[in-house]
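Below, each chain spelled out in residue letters.
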Amino acid sequence: MHILKNIGAIVGIREGASAYAPLRGRDMDTLPELRDAWLAIDGDRIHSYGPMSTFAPADTDSVTDLHGQWLFPAFCDSHTHLVYAGSREGEFVDKINGLSYAEIAARGGGILNSADRLHAATEQELFDQALPRLRAIIASGTGAVEIKSGYGLTLPDELKMLRVIARIRRELPLEVRSTFLGAHAVGRAYAGRQEEYVDHVCRDMLPAVAAEGLADFVDVFCEQGFFTVAQTDRIFTAAEGLGIRPRLHANQLHCSGGVQIGLAHRAASVDHLENIGPEEIALLGTATDTVATALPGASFFLNMRHTPARELIQAGAAVAIASDYNPGSSPSGDMRFMSSLGCIQLRLTPSQSLNASTLNGAAALGLARDYGTITPGKVASFFLTRPLPTAAYLLYAYTEPLITATYLRGKEFKMEN
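Reading the values: rules and limits
Residues numbered from 1 in each chain as written. Predicted model: local features only at pLDDT ≥ 70, side-chain atom pairs only at ≥ 80, totals over all residues. Heavy atoms only, no water. Helix = DSSP H or I, 4+ residues; strand = E, 2+ residues; numbered from the N terminus. Buried < 20%, exposed > 50% of the residue type's maximum accessible area, 1.4 Å probe, protein only. Contact = heavy atoms within 4.5 Å. Areas by Shrake-Rupley, 256 points an atom, 1.4 Å probe, with all protein chains shown as cover. Lys, Arg positive; Asp, Glu negative; His and termini not counted. Charge placed at Lys NZ, Arg CZ, Asp CG, Glu CD. Phe/Tyr/Trp six-rings, centres within 6.5 Å; stacked < 30°, edge-to-face > 60°. Lys NZ or Arg CZ within 6 Å of the ring centre and 35° of its normal. 1 Å grid on protein atoms, 1.4 Å probe; cavity = no way out; pocket = protein on both sides within 12 Å on 5 of 7 lines; lining within 4 Å. Points joined across faces, edges and corners; volume = space filled by probe spheres on them. Nonpolar A, V, L, I, M, F, W, Y, C, P; charged D, E, K, R; others polar. Axes fitted to C-alpha atoms, helices over the stretch in contact; angles between N-to-C directions. Parallel < 35°, antiparallel > 145°, perpendicular 65-115°, else oblique. Left-handed = near helix turned anticlockwise from the far one by under 90°. Polar contact = N/O pair within 3.5 Å; in protein donor to acceptor, adjacent residues only side chain to side chain. Salt bridge = Lys/Arg side-chain N within 4 Å of Asp/Glu carboxyl O. Pairing = 2+ DSSP bridges.

Notes on the overall build of the chain
On a plain count of helices and strands, the chain comes out with 15 helices and 17 strands. For the C-alpha atoms alone, the extent of the chain along its principal axes is close to 70 × 45 × 45 Å. In the chain, which comprises 417 residues, the proportion classed as buried is 59%. Relative to all contacts within the chain whose residues are 6 or more apart in sequence, the contacts with residues 24 or more apart total 73%. Of the roughly 15400 Å² that the chain leaves accessible, carbon and sulfur atoms contribute 52%. Computed over 36 positive and 46 negative side-chain charges, the separation of the two mean positions in the chain equals 1 Å.

What to know about the packing of aromatic side chains
Scanning the model with the defined rule gives twelve aromatic pairs in all. For the pair Tyr-197 and Phe-227, a centre-to-centre distance of 6.3 Å together with 35° between the ring planes defines the contact as tilted. Of this pair, Tyr-197 sits in helix H6 (residues 194-212) while Phe-227 sits in the loop between strand S9 (217-222) and helix H7 (229-241), placing them 30 residues apart in sequence. Assessed through its relative accessible area of 1%, Phe-227 is described here as buried. Taking the centre distance of 6.2 Å and the plane angle of 45° together, the rings of Phe-337 and Tyr-398 count as tilted. Of this pair, Phe-337 sits in helix H12 (residues 335-344) while Tyr-398 sits in the loop between helix H15 (393-396) and strand S16 (403-408), placing them 61 residues apart in sequence. Note on Tyr-398: relative accessible area 40%, which makes it partly exposed. By the ring-pair criterion, three or more aromatic residues cluster together here, those being Trp-70, Phe-72, Phe-75 and Phe-383. Over the face of the ring belonging to Phe-127 we find Arg-167, whose NZ or CZ atom lies 3.7 Å from the ring centre. In this arrangement the basic side chain of Arg-247 is found over the ring face of Phe-217, its NZ or CZ atom lying 4.3 Å from the centre.

Here we look at the layout of surface pockets
The computed volume of the largest pocket comes to approximately 340 Å³. Only helix H2 (101-106) and helix H3 (111-120) provide two or more residues apiece to the lining of the largest pocket. The element that contributes the greatest number of residues to the lining of the largest pocket is H2, accounting for four residues. Along the lines of polarity and charge, the residues of the lining of the largest pocket split into 13 nonpolar, eight polar and two charged. Of the volumes computed, that of the second largest pocket is approximately 190 Å³. Pro-22, Arg-245, Thr-288, Asp-289 and Ala-363 are the residues nearest the centre of the second largest pocket, which is lined by 13 residues in total. The residue makeup of the lining of the second largest pocket, split by class, is seven nonpolar, three polar and three charged.

Notes on the packing of H12 against helix H13 (residues 350-357)
Axis separation between H12 and H13 bottoms out at 9 Å; the angle between their running directions is 140°. Between H12 and H13, the angle falls in the class oblique. H12 and H13 meet at a crossing whose hand is right-handed. Contact residues: Met-335, Ser-339, Gly-342 and Cys-343 in H12; Pro-350, Ser-353 and Ser-357 in H13. Split into classes, the residues belonging to the contact of H12 with H13 amount to three nonpolar, four polar and no charged.

Quick look at the environment of Ala-267
If you trace the backbone, Ala-267 turns up in the loop between helix H8 (258-264) and strand S12 (269-272). For the pair formed by Ala-267 and Glu-158, sequence separation is 109 residues and the distance between their alpha carbons is 22 Å. Ala-267 has contacts with Arg-245, Pro-246, Arg-247, Gly-262, Asp-289 and Thr-290, leaving out every residue within four places of it along the chain.

Notes on the side chain of Ser-357
Here Ser-357 lies in helix H13. In this structure the side chain of Ser-357 is engaged in a polar contact, spanning 2.7 Å, whose partner is the side chain of Ser-339. The residues contacting Ser-357, other than those within four sequence positions of it, are Phe-75, Cys-76, Ile-321, Met-335 and Ser-339.

Considering the pattern of salt bridges
Applying the stated criterion across every chain, the model contains 20 salt bridges. When the shortest N-O distance is used, the salt bridge between Arg-203 and Asp-204 registers 3.1 Å.

Examining the environment of His-81
Note that His-81 resides in the loop between strand S6 (75-77) and helix H1 (89-96). Every residue in contact with His-81, bar those within four places of it in the chain, is listed here: Lys-148, Ser-149, Tyr-151, Leu-181, His-184, His-249, Asp-324, Tyr-325 and Asn-326. At 3.2 Å, the side chain of His-81 forms a polar contact with the side chain of His-79.

Comments concerning the pairing of strand S7 (residues 142-148)
Burial within S7 is extensive, with seven of its seven residues counted as buried. Of the strand pairs in this sheet, S6 and S7 are connected by three bridges, and their pairing is parallel. The residue of S7 that forms the bridge with Asp-77 is Val-145. Note that S7 and strand S8 (residues 175-183) share five bridges and pair parallel. Residue pairing for S8: Lys-148 is matched across the bridge by Thr-179.

In short, geometric facts, not functional conclusions.
Quick look at the structure:
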């Protein structure tokens with residue numbers, strides 16, 4: 001047993017049913033903590049915790065004195081595209097000069113730009129490029145992450161991406177979930193033949209992905225100019241027949257009907273939601289199987305409207321925050337920054353934002369049994385900070401270097417790992 005003692009505060013402690021399911025509505029307002037505490041780790045699991053007044057280690061225990069550092073559950077980033085080739089800072093300049101996201105895509109940029117670069121890269125090159133990104137997100141406190149394909153847009157290149165994600169899952173102590181996003185855009189070979197491309201996704205891509213067991217989820221960019229509600233329905237139906245659960249890019253640029261089709265298929269999450277109205281908010285407020293995921297990094301980077309997260313919480317929805325880490329619209333996987341944006345831009349309280357970035361992110365990935373809170377029996381993945389006046393300070397002082405260490409599966413992660 002390894003014990004951490006003299007913890008300034010353990011934040012996000014939960015026991016009972018509230019530790020294993022997404023928080024909804026007013027339940028997101030509370031973030032329990034224990035000041036002046038110890039925590040015991042048994043292998044890769046949290047064994048127990050308590051106030052320092054009860055600290056009584058056994059002779060065989062190893063003990064680390066944290067001298068007042070604070071302990072938080074690791075962030076659970078439930079929406080990323082962090083396996084990609086190269087970068088797209090040229091489009092960053094285009095946006096500054098006034099071009100919209102849709103205009104850049106129409107000129108051959110955006111997703112198709114990344115697809116061209118990925119096609120030219122080997123699996124080893126993709127892994128090597130992803131590794132420093134992964135180390136960076138771990139250093140900033142992330143312990144579980146979803147990674148999508150979607151920059152392949154051909155069967156060989158989609159499989160290449162998913163195999164890289166599988167290798168990341170094998171070789172890093174980070175908890176990884178993979179998502180097949182072949183319907184991110186129409187591949188160049190199918191330009192002008194969108195229905196044929198959807199046929200290809202359903203008939204060829206999905207069975208090949210399922211045969212190798214490469215995807216936990218399937219996703220579709222359900223949006224004007226990309227994939228329609230009817231096409232999304234076809235892809236989800238085909239995926240469900242293969243035992244792959246849907247999640248969805250919904251309502252980023254337009255009120256596209258994405259929320260409704262996502263809920264019809266009991267998607268694990270519907271993500272983006274910048275363009276939703278009272279009908280969608282009400283539906284998500286009563287959804288029992290679907291997490292509403294805000295991606296404030298994309299709205300911030302694109303200077304677009306933000307997800308109405310406060311209204312969703314008021315309606316009773318389970319709201320998560322994720323990074324949308326990708327080279328075109330959110331080139332950052334720093335979940336502490338995303339959580340700060342949750343406060344600054346989405347107007348959530350620090351407690352709501354941290355719950356959205358931890359337990360609700362875990363729930364969106366089907367990981368709430370093991371991640372998202374400090375609970376005996378859960379995986380010992382958490383991060384430490386310098387001594388803080390309050391938990392809110394972590395998000396308030398959003399550029400101050402506060403995080404001192406990240407533990408994954410019971411062990412401190414070293415950058416050379």
